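# Summary of the model geometry
What follows is each chain in one-letter form.
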Amino acid sequence: MNAPVKTPEERKAELQGMGDSRLRKEDARFIQGKGQYCDDIKLPGMLHMDIVRSPIAHGRIKKINKDPAMAIPGVHAVLTADDLKPLNLHWMPTLAGDVAAVLADEKVHFQMQEVAIVIADDRYIAADAVEAVEVEYEELPVVIDPYKALEPNAPVLREDLAGKTEGAHGARDHHNHIFTWEAGDKSAADAAFANAPVTVSQHMHYPRVHPCPLETCGCVASFDPIKGELTTWMTSQAPHVVRTVVSMLSGVPESKVRIISPDIGGGFGNKVGVYPGYVCAIVSSIVLGRPVKWSEDRVENISTTAFARDYHMDGHLAATEDGKILGLKVDVIADHGAFDACADPTKFPAGLFHICSGSYDIAAAHCSVKGVYTNKAPGGVAYRCSFRVTEAVYLIERMVDVLAQKLNMDKAEIRRKNFIRKEQFPYTSAFGFEYDSGDYHTALEKVLDAVDYKALRAEQEQKRNDPTCPTLMGIGLVTFTEVVGAGPTKMCDILGVGMFDSCEIRIHPTGSAIARMGTITQGQGHQTTYAQIIASELGIPSEVIQVEEGDTSTAPYGLGTYGSRSTPVAGAAIAMAARKIHAKAKKIAAHLLEVSEGDLDWEIDRFKVRGNDEQFKTMADIAFAAYQQPPEGLEPGLEAVHYYDPPNFTYPFGIYLCVVDIDKGTGESSIRRFYALDDCGTRINPMIIDGQIHGGLTEGFAVAMGQQMPFDEQGNLLGNTLMDYFLPTAVETPTWETDHTVTPSPHHPIGAKGVAESPHVGSIPTFTSAVVDAFAHLGVTHIDMPHTSYRIWKKLKEEGVQL
Amino acid sequence: MAKQIVKMNLNGQEIEQLVDSRMLLVHFLREQMNLTGAHIGCETSHCGACTVDIDGESVKACTHLAVQCDGCDVKTVEGLAEGGVLHAVQEAFYEEHGLQCGFCTPGMLMRSYRFLQENPNPTEDEIRTGLSGNLCRCTGYQNIVKAVKSAAVKLQQKESATA
């Protein structure tokens, strides 16, 4: 008996294509403890590397005595900068055009800086040997405050740059100055302010925080001295770029360098950079001819590998008396630590900070960012955001609130008044970004209705008037726009390599497929979602599509996963590669059906002869024919590669609203409600989108309410374990409500914009907006993060709030 | 370094191993027994990625010595499925999207496994408190809480089916 004919709806559902909340393909291995993370890799003869680190933040190395360490049985080598000098590997280039010490060369510049490495039989012996290495230091004055670093008589931090008045991004006017970068039109902005009836200014510090993925950084380097080949498993968000850097540094031809990013236990920007630990493990493996593993511990991770933020910002808005914004000016002092090791596209030392005009139609704007050296660890990465977009969104959203308070306007009303209107897209901002699409008004009204904003305001009013009320109630509102998907190669590159991304798809004779990508998942679920794009484009069930990433020997070159670029760039590459296959498949179908291509229609998983549902060839039929009997003139096989250079960034947006209740007596805050509406354009897997949003909101909650990296005057980092550094547990974490609108990107092949970072970017100012709002009736316009109970309690006392 | 013989029941199998007396349980499991499911996230008992089950209690293997397990019953995530059938908590984490990068997952599963024996019918608040020794950086816990609730139902159904 023939199987019943499936309806088109049934066939479509079986594909589990775009829009399907398909369960994740990667989960089977993770729930059974069979993921393969870097530290799980064990090779025959493998040695362990550990790092001797500086206890002080600034000083000269007088002497290093390796002997006691070398005397420990099982220790194979102790290496210092002097040992790396003959290889010219004691310094390395950073992604920001600066150099960074691999091992401290005569001087240490921050606490926990890498001073020497030991290689031993196992991690315990290596740890013993680290303790046994004797290092003598001469302490030097420490500079922690970037403003003090710019004083004329401030200590010179980077003696290696003596006399260099030109940096990678223009003139340096002080020995601790890295760059000054500007965007927008200063004279236009000045003119807008000169004539404006109302101006407001606010200083704010975005604290130094750390992405702190649950898995720390590490690698296993394995150099084969006979073949001259180097294979390195590495916790990297950008394995192809690392391969290029490693080849440049080591002199090993790129064809003999293989970087493999295995399963990665979260990245959040922390795993973009090339760190001294990786370089040292590779050098050790080359020198010793044996595999060498390096696994960072948590203290090392928080103390040394890529922090984020640390922006000291002065924002200014000019406006009319009825709240129409006329101009924006921003000045930033950016604390980059001891080496400029931000991971930004080359031309943008402050990343995409100039998205700071936000969702608003502002005619004149200017920003200036000054990068400064201090005695802190290097970094400045995008912690779950596109380059410096979190700082930009925080700045503009805070400033709009400050202006609203000055004008006694409602937060929602001032935003309505200044939004870029739907019909203005594509909209070119005063900073030159071309926003692709948006409908901010519709999204805002949806959120205000969903939470009954008027009722919330009425409740707040009533509570403010009730002296017996034990809590202060605050309502935070943020209406943000992100710029993600870096990026067009005409604007964006890393070390000269354009920020395209890539996909290679092969359809096998029996109709299953493999796709290899230049990106690398760190929990985003690429193996699930990328397959869904192919399923919808080519009519092959997701279930039989394998997605592989992270091995530079098999995957096409790509720039990696960060800055919400996987879906906007690699997702587009998939669709384009699939469309090449689709075009060839159509020729084969026409040949098989003996009609012209023009007589065929595509339906879900098959080409049909127009007007005759019985005459069709499915993609599975076509795949087999491609290997068996391709039409004359067409080469056999069914595969395609596409390198996608996006014409523009994408601009996801969202409207977030938060209600916080603050205990007047203790300063404890409780997030009563958090409503997050996101518009990421076309939605590929709603389940995964919601999961990404929950995670991003939770990270945003952590940043706003508790994360910070405080330093004392001597440069000691006062919180570098999970005892001190705030990662919320299930108890503190609020329950999230999610919602969406869909405004596809007009320039993206499937209309998708990227989503995973929006909740981090958007939620942080929402929490601040809510906390400040709780104090707004007392005239408070801004409170710096983190909003810990102690800091809120101090504010309650300062403002004389009585219980 | 002094070595000791340690005998334990590991995932249902009696084993006898020579270990350094200072070796942490998590390194013993991962490096000596090649059970890499338990992960190291903090070395200070905060993150719970290394959570295993010892004699009916959740234990963080990063701050527990292997020699302390002499004579104990130790279960790791690799021993959770039985006879090729996933445990209810494994099924539920998959179905409710209770994991993303997967690094915290073995610890979360082992804690959930024990927690649901301590409290077979928990409220949301009880789940949140019960899992508060395990950190996740990806999920925001919302789907983990859903997964634990769902696993509780599954386990109860299983119990009433066999009763």
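Residues numbered from 1 in each chain as written. Chains lettered and ligands numbered in written order. Predicted model: local features only at pLDDT ≥ 70, side-chain atom pairs only at ≥ 80, totals over all residues.

Another aspect to go through is the interface of chain A and chain B. Taken together, the contacts link 41 residues of chain A with 45 residues of chain B. Elements with a minimum of two residues in the side of chain A that touches chain B: helix H2 (27-30) and helix H18 (686-705) of chain A. A total of 6 residues in the side of chain A that touches chain B trace back to one element, the largest contributor, which is H18 of chain A. A per-class count over the side of chain A that touches chain B returns 17 nonpolar, 15 polar and 9 charged. (Contact = placed C-beta atoms within 7 Å. Helix = DSSP H or I, 4+ residues; strand = E, 2+ residues; numbered from the N terminus. Nonpolar A, V, L, I, M, F, W, Y, C, P; charged D, E, K, R; others polar.)

With that settled, the discussion passes to the sheet that holds strand E1 (residues 47-53) of chain A. Residues and elements named next belong to chain A. As summarised here, the arrangement of the 7 strands in space is E3-E7-E1-E16-E13-E14-E15, forming an open sheet in which the pairing is mixed. Each edge of the open sheet carries a strand with a single partner, namely strand E3 (75-80) and strand E15 (257-260). Here the average twist between neighbouring strands, direction ignored, is 20°. Bridging between E1 and strand E16 (residues 292-295) involves 3 bridges; their strand directions are parallel. Considered in E16, the bridge of Leu47 is made with Val292. The strands touched by helix H5 (residues 123-132) are E1, E3 and strand E7 (114-120); relative to E1, the strand with the most contacts, the crossing angle is about 25°. Strands in contact with helix H8 (residues 239-250) are strand E14 (229-234) and E15; relative to E15, the strand with the most contacts, it is inclined by about 145°. (Pairing = 2+ DSSP bridges. Axes fitted to C-alpha atoms, helices over the stretch in contact; angles between N-to-C directions.)

A few words now on the domain arrangement of chain B. Residue and element names in this part refer to chain B. For chain B, the assigned domains read domain 1 (3-78) and domain 2 (88-158). Computed over C-alpha atoms only, the centres of domain 1 and domain 2 are separated by 22 Å. Each partner contributes residues to the interface: domain 1 has 15 residues there, and domain 2 has 12 residues. At the level of secondary structure, the elements contributing two or more residues to the side of domain 1 that touches domain 2 comprise strand E3 (51-54) and strand E4 (57-60). Top contributing element to the side of domain 1 that touches domain 2 by residue count: E3, with 3 residues. Tallied by class, the residues present in the side of domain 1 that touches domain 2 amount to 6 nonpolar, 7 polar and 2 charged. (Domains from an automatic or database assignment.)

Reports often express the size of an interface as the amount of accessible area lost when the parts come together. Residues and elements named next belong to chain A. Taken as a whole, chain A is organised into domain 1 (8-35 + 501-644), domain 2 (38-140 + 216-264 + 271-304) and domain 3 (389-482 + 649-798). Taking only C-alpha atoms into account, the centre of domain 1 sits 40 Å from that of domain 2. With 14 residues of domain 1 at the interface, the matching set in domain 2 holds 14 residues. Here the residues of the side of domain 1 that touches domain 2 sort into 4 nonpolar, 9 polar and 1 charged.

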